[in-house]
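Commentary on secondary and tertiary structure
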Amino acid sequence: MAEIIDGKKISTELKDEVKANVAALKAKGIETTLAVILVGNDPASTVYVGNKKKACEYTGINSQSYELPEETTEEELLELIDKLNADKEVNGILVQLPLPKHINEETVLRRINPDKDVDGFHPESVGRLSIGMRGFVSCTPAGVIELLKRSNVQIDGANAVVVGRSNIVGKPMGILLLRENATVTICHSHTKNLKEICKEADILVVAIGKPKFIDGSFVKEGATVIDVGIHRIEGTKKLCGDVDYDSAAEVAGKITPVPGGVGPMTIAGLMNNCYQAALMQNGL
């Protein structure tokens, strides 16, 4: 049976490091502040925003919360972002997605100053990542790299396969693994011989949004399997990922569970990005 990669434990380690770093900045008179904007009352988004506030409290990051009604116009939201962009006290700006249908997400994300884009979604942030410049990396892929490193998984020289090519996970994941000197293959819905390609992977990262799609027959003996997906199993309160955990765990060397694997790392990555923003904006 595979060794379980404990995302809760590793995310706490990372948050503790951020907490110490934020306190050290504070001792120099530099505060770290995150502004979170929530439009409407989507239940899942409300939970996520609550978790982000708790993480800010834990790490000593100041949290500003803007909870706007569903009928907020795009213009009103852009005005608020402009105000936060200009506020020197605010280091990071996060707009919780999804936004109501009448607001264009791309327009909103592009309006955030790239130096405050702690979610790493701005096109300039993606460009900086792709050419190795200093900037912000999408929190989930950054969290996966931390999971691998802190679980002593050899990335340098490894054959890494990413299943999924989304802008938020798949593409930045591939670039980050490449930056760590892995040989990277990105698979998607048009990939031929998916199973054969996955079976070549030393590190298999799955982010396709299909419950239990990848089972043990896709996994190379002893490989590390990272499951980014999260789904509620129909008719139950239980959660599962994109990987069929039971069969994959029989073959893999290391594996992330759902819940308790990648999920906690996303918020820890966000806290680290907020700290990095405070450093950058203060010329450190």
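This write-up is about the structure you can find in this document.

What counts and how
- Residues numbered from 1 in each chain as written.
- Predicted model: local features only at pLDDT ≥ 70, side-chain atom pairs only at ≥ 80, totals over all residues.
- Heavy atoms only, no water.
- Core = buried A, V, L, I, M, F, W, Y, C linked by side-chain atoms within 4.5 Å.
- Buried < 20%, exposed > 50% of the residue type's maximum accessible area, 1.4 Å probe, protein only.
- Helix = DSSP H or I, 4+ residues; strand = E, 2+ residues; numbered from the N terminus.
- Contact = heavy atoms within 4.5 Å.
- Pairing = 2+ DSSP bridges.
- Right-handed = clockwise from strand over helix to strand, strands pointing away.

**Quick look at the nonpolar core**
- Membership of the largest hydrophobic core comes to 27 residues, with the highest contact counts inside it found for Val 144, Leu 148, Leu 177, Ile 203, Val 205, Ile 226 and Val 228.
- Secondary-structure elements contributing two or more residues to this core are helix H1 (7-27), helix H6 (139-150), strand E5 (159-163), helix H7 (170-179), strand E7 (203-206) and helix H10 (263-281).
- Beyond its immediate chain neighbours, meaning those up to four positions away, Leu 148 contacts Val 153, Ile 155, Leu 177, Ile 203, Thr 224 and Ile 226.
- Grouped together as the second largest cluster of nonpolar side chains are 23 residues, Val 22, Leu 38, Ile 267 and Cys 274 included.

**Remarks on the pairing of E5**
- Burial within E5 is extensive, with four of its five residues counted as buried.
- Across five bridges, the pairing between E5 and strand E6 (residues 183-187) is parallel. Within E6, the residue paired with Ala 160 across the bridge is Val 184.
- Crossover E5 to E6 through H7 is right-handed.
- Inspection of the sheet shows E5 paired to E7 by four bridges, in the parallel sense. Paired with Ala 160 across the bridge in E7 is Ile 203.

The analysis is restricted to geometry; functional conclusions fall outside its scope.
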